[in-house]
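Residue strings, one per chain:
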Amino acid sequence: MTLPPIESYDEIDSTNAEARRRAEAGEVGPVWITALTQTAGRGRRGRDWQTRSGNLAATLLFPTDKPAGEAAQISFVAALAAADLAETCLGAGVATVKWPNDLLIHGRKAVGILVESGPLPDGRLWLAVGIGINLAHAPQDVERPAADFAEFMNGPPPTPRAALEVLAQAFERWRLAWEREGFAPIAKGWTERAHGLGQPCEARLPNQTLRGVAEGLDLDGALRLRLDDGAVLRITAGDVFFGGA
């Protein structure tokens, strides 16, 4: 299994922004872009994402033949790779994934994932898969409780570079399964680690908030939400909250 090269910066505005600049200039990788600090890191829906010293900020830039709807499934691949890294560092069963792509440690968010894309002249897409991991520090002034790896380790957490090398291997394993077999193995892996399935939740969508029970994934990555009246809705975009998570 050949892994993409890793290119490192001491400081950058955003690894995703750098990936976009490269893609729009005609360079599509595959390449991992990482930085010790970001001055303008971003999360989903335009949220700020801070990268303190000792945490990991990295983006994988690569092209794909998949159409946009399927390409969006790469966020689940990233979540599973991050879960594998967490289990390597913290032990089995510690990490869970929350739809669509949050990684939780003991119920608290430890990883942020941001996927961006754009068209290529040959009809394919470029994908920039940004992954931020709280290795040494967790933010305090956030909407939902956050965690870092160091809190649950006896010794120091891995360095960002060491963590990225493990993450990159896990990502490539899951990505190859996705490329060869479609979303089915990704859905299976995600469901095995899923947080909150079968539990009441609140789905905050772009134009409304719904409450129901999270039943599981469809084979395109949509979340099935059963409402109180028995109807089942497919949630394709939004945020889902279970209790405090």
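Model, not experiment: these values are computed from the prediction. (Residues numbered from 1 in each chain as written. Predicted model: local features only at pLDDT ≥ 70, side-chain atom pairs only at ≥ 80, totals over all residues. Heavy atoms only, no water.)

Peer 1: Honestly, the packing of aromatic side chains in this entry has me stumped. Any pointers?
Peer 2: Given two aromatic rings, one states the distance between the centres and the angle between the planes to describe the pair. The tally for this structure, following the rule as stated, stands at three aromatic pairs. Measuring from ring centre to ring centre gives 5.3 Å for Phe76 and Phe183, while their planes differ by 75 degrees; the resulting arrangement is edge-to-face. Taken together, the residues Phe76 in helix 3 (residues 74–90) and Phe183 in the loop between helix 4 (160–181) and helix 5 (184–192) connect sequence positions 107 residues apart. Comparing Phe76 with Phe183 shows no difference in burial state: the two are buried. Consider the rings of Phe76 and Trp190, whose centres lie 6.1 Å apart with planes at 75 degrees: the pair is edge-to-face. Of this pair, Phe76 sits in helix 3 while Trp190 sits in helix 5; the two residues are 114 residues apart in sequence, bridging distant segments of the chain. (Phe/Tyr/Trp six-rings, centres within 6.5 Å; stacked < 30°, edge-to-face > 60°. Helix = DSSP H or I, 4+ residues; strand = E, 2+ residues; numbered from the N terminus. Buried < 20%, exposed > 50% of the residue type's maximum accessible area, 1.4 Å probe, protein only.)

Peer 1: What am I meant to see in unusual backbone geometry here?
Peer 2: A negative phi angle is the norm for most residues apart from glycine, just as the trans form is the norm for most peptide bonds. Of the consecutive residues Gly29 and Pro30, the connecting peptide bond is found in the cis state with omega at 15 degrees. The omega torsion of the bond from Trp99 to Pro100 falls at 0 degrees, within 30 degrees of zero and hence cis. With respect to the element layout, Pro100 can be found in the loop between strand 4 (95–98) and strand 5 (102–105).

Peer 1: Looking at this model, I keep getting lost on the pattern of salt bridges. Mind explaining?
Peer 2: For side chains bearing opposite charge, pairing can occur when the charged atoms are close. If you walk through the whole model with that rule in mind, you get 25 salt bridges. When the shortest N-O distance is used, the salt bridge between Arg173 and Asp84 registers 3.8 Å. With Arg173 in helix 4 and Asp84 in helix 3, the pair connects residues that are 89 residues apart, well separated along the chain. By relative accessible area, Arg173 is classed as partly exposed at 43%. Asp102 is paired through a salt bridge with Lys109; the nearest N and O atoms lie 3.2 Å apart. (Salt bridge = Lys/Arg side-chain N within 4 Å of Asp/Glu carboxyl O.)

Peer 1: Honestly, the pairing of strand 4 in this entry has me stumped. Any pointers?
Peer 2: Consecutive side chains along a regular strand alternate between the two faces of the sheet. Here four bridges tie strand 4 to strand 5, and the two strands are oriented antiparallel to one another. Note on strand 5: the bridge partner recorded for Ala95 is Ile105. Counted between consecutive antiparallel strands, the loop separating strand 4 from strand 5 contains three residues. (Pairing = 2+ DSSP bridges.)

Peer 1: Quick question: what am I supposed to make of the layout of surface pockets here?
Peer 2: It is a probe the size of a water molecule, rolled over the atoms, that shows where empty space is left. For the second largest pocket, the calculated volume is near 400 Å³. In terms of lining, the second largest pocket is formed by 20 residues, of which the most central are Ala72, Ser75, Phe76, Pro100 and Thr236. Sorting the residues of the lining of the second largest pocket by element identifies helix 3 and strand 6 (108–119) as the ones contributing at least two each. Here the element with the most residues in the lining of the second largest pocket is strand 6; it accounts for three residues. (1 Å grid on protein atoms, 1.4 Å probe; cavity = no way out; pocket = protein on both sides within 12 Å on 5 of 7 lines; lining within 4 Å. Points joined across faces, edges and corners; volume = space filled by probe spheres on them.)

Peer 1: What is the right way to look at the nonpolar core in this model?
Peer 2: In a soluble, globular protein the nonpolar side chains are often hidden away together inside. Counting residues in hydrophobic clusters, the biggest one holds 60 residues, and the most contacted among them are Trp32, Ile131, Ile133, Phe149, Leu167 and Phe171. If you look at the next biggest cluster of nonpolar residues, it comprises nine residues, including Ala19, Leu61, Trp126 and Ala128. (Core = buried A, V, L, I, M, F, W, Y, C linked by side-chain atoms within 4.5 Å.)

Peer 1: Which parts of the structure should I look at to understand the environment of Phe62?
Peer 2: Relative to the elements of secondary structure, Phe62 occurs in strand 3 (residues 56–64). The buried category is assigned to Phe62, whose relative accessible area is 3%. For the pair formed by Phe62 and Trp126, sequence separation is 64 residues and the distance between their alpha carbons is 5.7 Å. Those residues in contact with Phe62, other than ones at most four positions away along the chain, are Val28, Pro30, Ile74, Leu125, Trp126, Leu127, Val129 and Arg175. (Contact = heavy atoms within 4.5 Å.)

Peer 1: Any chance you could explain the packing of helix 3 against helix 4 here in plain terms?
Peer 2: Between two packed helices, both the angle of their axes relative to each other and the distance between the axes serve to describe the pair. Between helix 3 and helix 4, the shortest axis-to-axis distance is 8 Å and the interhelical angle comes to 135 degrees. With respect to helix 4, the element helix 3 is oriented oblique. Crossing geometry of helix 3 relative to helix 4 is assigned as right-handed. Residues Ile74, Val77, Ala78, Leu80, Ala81, Ala82, Asp84, Leu85 and Thr88 of helix 3 form the contact with helix 4, whose participating residues are Ala163, Val166, Leu167, Ala170, Phe171, Arg173, Trp174, Arg175 and Trp178. Among the residues making up the contact of helix 3 with helix 4, the classes are represented as 14 nonpolar, one polar and three charged. (Axes fitted to C-alpha atoms, helices over the stretch in contact; angles between N-to-C directions. Parallel < 35°, antiparallel > 145°, perpendicular 65-115°, else oblique. Left-handed = near helix turned anticlockwise from the far one by under 90°. Nonpolar A, V, L, I, M, F, W, Y, C, P; charged D, E, K, R; others polar.)

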